Amino acid sequence: MRLYYAGDVHGSEKCWRKFLGAARFYEADTLIMGGDITGKLMVPIVAKGDGRHEATVLGRLETVTDDGLEELERRVRFNGFYPYRCDRAEYERLSTDREYRDRVFTDLMVAEVGRWIALAEERLAGTGIRCYVMPGNDDEFAIDGALESATVVNPDNRVVRLDEETQMLSCSWTNPTPWDSPREQSEDELLERLHGLAAQLEPGVNTIFNLHCPPHNTTLDRAPQLTDDLKVVLDGGEPRIVPVGSTAVRALIEEIQPVLSLHGHIHESKAVAKIGKTTCVNPGSAYSEGVIDGAVVELRGRKIRSCQLVTG
Amino acid sequence: MATEATDAPQVFARKATGLRREASARDVFIYNTNNQNIGIGVAFVVLLVPAFYAGASMVTATILAGLLALPMACVYAYFASAMPRSGGDYVYISRTLHPYLGFLSSWNWVVWLVTYTGIPAAYLAQYGLSGLFRELGFVFNSPRLVSYGDNFTRKWWIFVAGSLLLTFFAIVFTLGTRLYFRIQNTCFAIAMVGIVVGLVILAVKGHSDSVAGINAYAHGLGGPKDAVGAAAKSSGHLQQSGFDLKQTMYAMVWPLFITLYAITSSFIGGEVRNAKRSQFLAMPGSIVYVTVLMFLLIVGLNHAIGTTVLGQIGAADPTVMGLGSTPTYNELIAAVVHNQGWLIVILGVSFVLWTYVWLPINFLASTRAILAWAFDGIFPRKLSEVNERYHTPILAIVLVWIASEVCLYLYVDQIFNTLNGIFCWVLSFVLCSIAAMLFPYRRRELWQASPWNGSTLGVPNITWLGGLSTICLLFCEYWLWYDPIQGFDTWGTTLRWVMVLIIPTATLIYGIAWFTSKQRGVSVDKVFAEIPPE
């Protein structure tokens, strides 16, 4: 089996399209998206009422006519943002009514994820390529329902069979972050969740992990330490770099020793590391550049024949 | 979610995790300013230009060098903000032109980075400790310290001091880069104090005071009472002729040696906060800062000591002045204030901190490039392994340490000269500038999404800038090639072989990587290649 793994595309339409094209490009038979698929910003495109529309893109105010709307939306999506067409009255409401804004944002995310999955269906149906798409800690629960289709499988919080020889345990949850994102829990709770999932593993079957959060104190989880108000902690003027991965994830890897453990979450900590017999991979993320960082892994039975980080 | 109330529509953000980058604008500004090395830059200009480039203007050469380096610094700063990733032109060229060209450029970089990790290790003893010990010997009236100073210009003393320094930094990088950045920032602050003290001394001292001070200093170290006169005689009473543009252009290669290297923060681009602002401040901004300081120091030296005296001292046999080696500008400033021991100590110690700074920066950049190659499958994966305790790539560090020791020896044995590698190094900058010209056409969406995507006369501004940078760099290459002191005619056989072998070795390594990765199932071309999104 040859699999392509990537994660943390954060709403980048270009990265998603590349993900779907990766199977053919790298001659992989399995695609795995490891979480954090939704974007973080909504960009209102406000109709001015005279056939023109304006939006702030990357800090610049842009004005387009009706003809330029789709091109503007395409550029907004390129950066992982969600374009949202509205008139001035609705924009004012979005600015002042937080509940309404949250609802619109969530609906927008669900609709965009649905559109992505439809695109996957269009591209992958009938190709025989297996496609697994899991949410991550940043993704709201509302999108989960949109992640299933005839071709796409959401493997989150369960064990799925990839083929006759291999099973995959997946989990979108992480240990606590300073951002208090939707899918976080304490290390004890996370370990309990992971043990519950491990109980579903079939003995004697080749196992891989697809855990959004990387294991603690590996090169996969290095990031600057932050204060509660999200400022970088400095030591003598220099950022203090600390391991931010999960001890629960590490404990499970040490206990089960799967052949491969796939991770994301920490974009800047691209690395491959070993924990005992397990090869742990975090391909990193550069989604804002329209570049997808991934890993191509070839499994031969219980061994990894090759593991290559790629930038596509 | 957050919003700001203004007339222009604002964007709305939801609560989500975010990348926190480490290096601030200040960090990368210091990183690049350090790499330009004001102290050593002015030392070379003052030691060599008045003595060996008749009619050259040090001031004009320095300003030209700053101006010619600016377009290239803007190109790198642009790329660093459009593609805020670590790896420098390895990333920019690979993504814009072709992965092979990216590796070729990176390989060329690393060959010279490693060379210039070894060479500045020698500068510590050759230009730093020699002067410092002589100055301390003068202050404390100790012939033993003076003899140490003289010894530090001898081959094996230079090699041993350089080796110890290389080993020290290999250990520092093994323990982690945070320790290094602390050392860097502290040393930079002390070194800058030395520059400011030097500038103040030069501003308040007149020519006759300065010459008297140099004479008294040299006499105190065992030289004649009229050491400056002896230097004049030894140099054949070298006189400065009228302004000569051609000689000034040749002389420009020395300040270019400084100003062309304001771009090292591109190697740590993935770690820089607010890349657009920080990298523009750190690259073109630091060139302006360094050029202004070099300008002020040179004007001050011209004012206080005079170009003719500087040329005579530079061209003379230093032993006629009672000195074991030709004094740097810093030692001359110390000599001017020979009766104030504490000032001499400040000047001596602070200057030592300029002499080595290329070493750790180039060391760090080399190990990062090797790490990136190992990740990408061009070098063995083993080299990307990181020590569990310190989280540092020990194998890559050891590899660079050994190679740097070899380069240190080659320099000490006079097989390599100071500027010899710069001509070849600049070829990587040219390739990156060409990539900038083609960037909007090869990576249209990335260009459109970049912070600077305007056009002039229908041509993208980055294309204009890349073209200007290419022209400026090729102009510099001409003078680097024909420079009578360090140009191609002066290159030894070993260096010519190194230059000739860069392309074949890069091609061979890339070819082997391509073949072995193909065997494993993913060819190295695909490691970098863009997946078609449609």
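Residues numbered from 1 in each chain as written. Chains lettered and ligands numbered in written order. Predicted model: local features only at pLDDT ≥ 70, side-chain atom pairs only at ≥ 80, totals over all residues. Heavy atoms only, no water.

Colleague: Sorry if this is basic, but what is going on with the overall build of chain A here?
Modeller: When helices and strands are tallied, chain A shows 6 helices and 20 strands. On C-alpha atoms alone, chain A measures out to a radius of gyration of 20 Å, which is about the 20 Å that the 2.2 N^0.38 rule sets for 312 residues. Viewed in the frame of its principal axes, chain A has a C-alpha envelope of about 65 × 55 × 30 Å. Split into buried and exposed, the 312 residues of chain A put 63% on the buried side. Counting only contacts in chain A whose residues sit at least 6 apart along the sequence, the fraction spanning at least 24 positions is 65%. Put simply, chain A shows about 11300 Å² of open surface, and 49% of that area lies on carbon and sulfur atoms. Where the 36 positive side-chain charges of chain A centre and where its 50 negative ones centre are 6 Å apart. (Helix = DSSP H or I, 4+ residues; strand = E, 2+ residues; numbered from the N terminus. Rg over C-alpha atoms; globule rule 2.2 N^0.38 Å. Buried < 20%, exposed > 50% of the residue type's maximum accessible area, 1.4 Å probe, protein only. Contact = heavy atoms within 4.5 Å. Areas by Shrake-Rupley, 256 points an atom, 1.4 Å probe, with all protein chains shown as cover. Lys, Arg positive; Asp, Glu negative; His and termini not counted. Charge placed at Lys NZ, Arg CZ, Asp CG, Glu CD.)

Colleague: What am I meant to see in the overall build of chain B here?
Modeller: For chain B, the helix and strand inventory stands at 24 helices and 3 strands. Relative to a compact globule of 534 residues, whose C-alpha radius of gyration would be 24 Å, chain B shows 24 Å and is just as compact. Seen along its three principal axes, the alpha-carbon backbone of chain B occupies a region of about 80 × 55 × 45 Å. Contacts spanning at least 24 positions in sequence make up 80% of the contacts within chain B whose residues lie at least 6 apart. Surface summary for chain B: the accessible area is close to 19000 Å², and the carbon and sulfur share equals 66%. In chain B, which carries 31 positive and 25 negative side-chain charges, the distance between the mean positions of the two groups comes to 7 Å.

Colleague: I keep staring at the pairing of strand β17 (residues 271–275) of chain A and nothing clicks. Help me out?
Modeller: Taken residue by residue, a regular strand's side chains alternate between the two faces of the sheet. Residue and element names in this part refer to chain A. Across the two faces of β17 the burial differs, with Ala271, Ala273 and Ile275 buried and Val272 and Lys274 not buried at all. Note: β17 against strand β18 (residues 278–282), 5 bridges, orientation antiparallel. For Ala273, the partnering residue across the bridge sits in β18 and is Cys280. Following β17, the chain reverses through 2 residues before pairing antiparallel with β18; Gly276 in that reversal takes a positive phi of roughly 60°. (Pairing = 2+ DSSP bridges.)

Colleague: Teacher, can you tell me more about the state of the cysteines here?
Modeller: Put plainly, two cysteines are in a disulfide when a covalent bond ties their sulfur atoms together. All names here are of chain A. All chains considered together, the criterion is met by 0 disulfides over all chains. Its sulfur unpaired, Cys213 is 8.9 Å from the next cysteine sulfur, which belongs to Cys171. Of the residues examined, Cys213 reaches a relative accessible area of 1% and is grouped as buried. Just so you know, Cys307 is unpaired, no disulfide at all, and the nearest cysteine sulfur is the one on Cys280, 10 Å from it. Residue Cys307 is classed as buried on the basis of its relative accessible area of 13%. (Disulfide = S-S within 2.5 Å.)

Colleague: Help me understand the interface of chain B and chain A, please; the structure alone is not making it clear to me.
Modeller: Interface size, as often reported, equals the accessible area lost upon joining of the parts. Taken together, the contacts link 60 residues of chain B with 86 residues of chain A. Carbon and sulfur atoms make up 52% of the surface buried where chain B meets chain A, a total of about 6200 Å² over both sides. Counting across the interface, chain B meets chain A through 2 salt bridges. For A:Lys14, the salt bridge goes to B:Glu530, with nearest N and O atoms at 3.2 Å. Taken together, chain B and chain A are joined by 5 residue pairs in polar contact (both at pLDDT 80 or more). Elements with a contribution of two residues or more to the side of chain B that touches chain A: β1 (12–13), α1 (25–36), α8 (177–204), α18 (358–376), α21 (444–449), α23 (493–520) and α24 (524–528) of chain B. Looking at the side of chain B that touches chain A, its residues break down into 25 nonpolar, 12 polar and 23 charged. Judged from the 2 bridges that link them, strand β3 (residues 41–47) of chain A and β1(B) form a sheet pairing that is antiparallel. Residue pairing in the sheet places A:Leu41 in a bridge with B:Ala13 of β1(B). (Buried area = accessible area lost by both parts, 1.4 Å probe. Salt bridge = Lys/Arg side-chain N within 4 Å of Asp/Glu carboxyl O. Polar contact = N/O pair within 3.5 Å; in protein donor to acceptor, adjacent residues only side chain to side chain. Nonpolar A, V, L, I, M, F, W, Y, C, P; charged D, E, K, R; others polar.)

Colleague: Which parts of the structure should I look at to understand the packing of helix α2 (residues 38–52) of chain B against helix α17 (residues 341–355) of chain B?
Modeller: Residue and element names in this part refer to chain B. Taken N-terminus to C-terminus, the directions of α2 and α17 make an angle of 95°; their axes are 7 Å apart at the nearest point. Compared by their axis directions, α2 and α17 come out roughly perpendicular. Residues Ile38, Gly39, Ile40 and Ala43 of α2 pack against Phe351, Trp354 and Thr355 of α17. Along the lines of polarity and charge, the residues of the contact of α2 with α17 split into 5 nonpolar, 2 polar and no charged. (Axes fitted to C-alpha atoms, helices over the stretch in contact; angles between N-to-C directions. Parallel < 35°, antiparallel > 145°, perpendicular 65-115°, else oblique.)

Colleague: I tried to follow the packing of α1(B) against helix α14 (residues 284–304) of chain B on my own but got confused; where do I start?
Modeller: To describe two helices that pack against each other, one gives the angle between their axes and the distance between the axes. All names here are of chain B. Two elements in contact, α1 and α14, have axes whose closest approach is 9 Å; the angle formed by their N-to-C orientations is 45°. As judged from the angle between their axes, α1 and α14 are oblique. Handedness of the α1/α14 crossing: right-handed. Of the residues in α14, those in contact with Phe29, Asn32, Thr33 and Gln36 of α1 are Gly285, Ser286, Ile287, Tyr289 and Val290. (Left-handed = near helix turned anticlockwise from the far one by under 90°.)

Colleague: Is there a simple way to explain the confidence of the model for chain B in this structure?
Modeller: A low pLDDT score tells you not to read the predicted coordinates there in detail. Residues and elements named next belong to chain B. The share of residues in chain B with pLDDT of 70 or more is 96%, and the mean pLDDT across the chain is 88. No element of chain B has a lower mean pLDDT than β1, which averages 76, and none a higher one than helix α22 (residues 461–482), which averages 96. In this model residues 1–6 is a low-confidence stretch, pLDDT under 50, and it forms 17 contacts with partners more than four residues away in sequence or in other chains. (pLDDT = per-residue confidence, 0-100.)

Colleague: Could you clarify how one ought to interpret the packing of aromatic side chains in this entry?
Modeller: Note on aromatic pairs: each is described by the distance of the centres and the angle between the planes. In this structure the tally under the stated criterion is 62 aromatic pairs over all chains. Here B:Phe44 and B:Tyr127 contribute two aromatic rings whose centre-to-centre distance is 5.5 Å and whose plane-to-plane angle is 85°, an arrangement assigned as edge-to-face. Linking B:Phe44 in helix α2 with B:Tyr127 in helix α5 (residues 99–139), this pair joins segments that are 83 residues apart in sequence. The residues B:Phe44 and B:Tyr127 share a single accessibility class, namely buried. Here the aromatic rings of B:Tyr261 and B:Phe429 are separated by 5.7 Å at their centres, their planes lie at 65°, and the arrangement is edge-to-face. Highlighted residues: B:Tyr261 in the loop between α12 (253–259) and α13 (275–282) and B:Phe429 in helix α20 (residues 422–442), separated in sequence by 168 residues. A cation over an aromatic ring shows up here: B:Arg496 above the ring of B:Phe488, its NZ or CZ 4.1 Å from the ring centre. The positively charged end of B:Lys526 is found above the aromatic ring belonging to A:Phe25, 5.1 Å away from the centroid. (Phe/Tyr/Trp six-rings, centres within 6.5 Å; stacked < 30°, edge-to-face > 60°. Lys NZ or Arg CZ within 6 Å of the ring centre and 35° of its normal.)

Colleague: What should I look at first to understand the sheet that holds strand β9 (residues 158–161) of chain A in this one?
Modeller: Residues and elements named next belong to chain A. Overall, mixed pairing links the 6 strands, which are arranged β9-β10-β11-β16-β18-β17 in an open sheet. Edge strands, defined here as strands with exactly one partner in the open sheet, are β9 and β17. Each strand axis lies, on average, 20° off the axis of its neighbour in the sheet, ignoring direction. Both strand β16 (residues 260–262) and β18 contribute to a ladder of 3 bridges, which runs parallel. Looking at the pairing, Ser261 lines up with Cys280 of β18. Across the face of the sheet, helix α6 (residues 247–256) comes into contact with β11 (206–211), β16, β17 and β18 while running at roughly 175° to β11.

Colleague: When you look at α17(B) in this model, what are you seeing that I'm missing?
Modeller: For an α-helix the count is 3.6 residues per turn, leaving residues at separations of three or four pointing the same way. Spanning 15 residues, α17(B) covers 21 Å between terminal C-alpha atoms, matching the ideal 21 Å at 1.5 Å per step. Turning to α17(B), the residues buried within the fold contact α1, α2, α5, α8 and α16 (329–336) of chain B. (Expected span 1.5 Å × (residues − 1).)

Colleague: What exactly am I supposed to notice about unusual backbone geometry here?
Modeller: Note on backbone geometry: most residues besides glycine have negative phi, and most peptide bonds are trans. All names here are of chain A. Its identity as a non-glycine residue notwithstanding, Glu27 has a phi of 55°, on the positive side. Along the chain, Glu27 turns up in the loop between α1 (13–25) and β2 (30–33). The backbone phi angle of Gln257 is positive, close to 55°, even though this residue is not glycine. Note on placement: Gln257 falls in the loop between α6 and β16.

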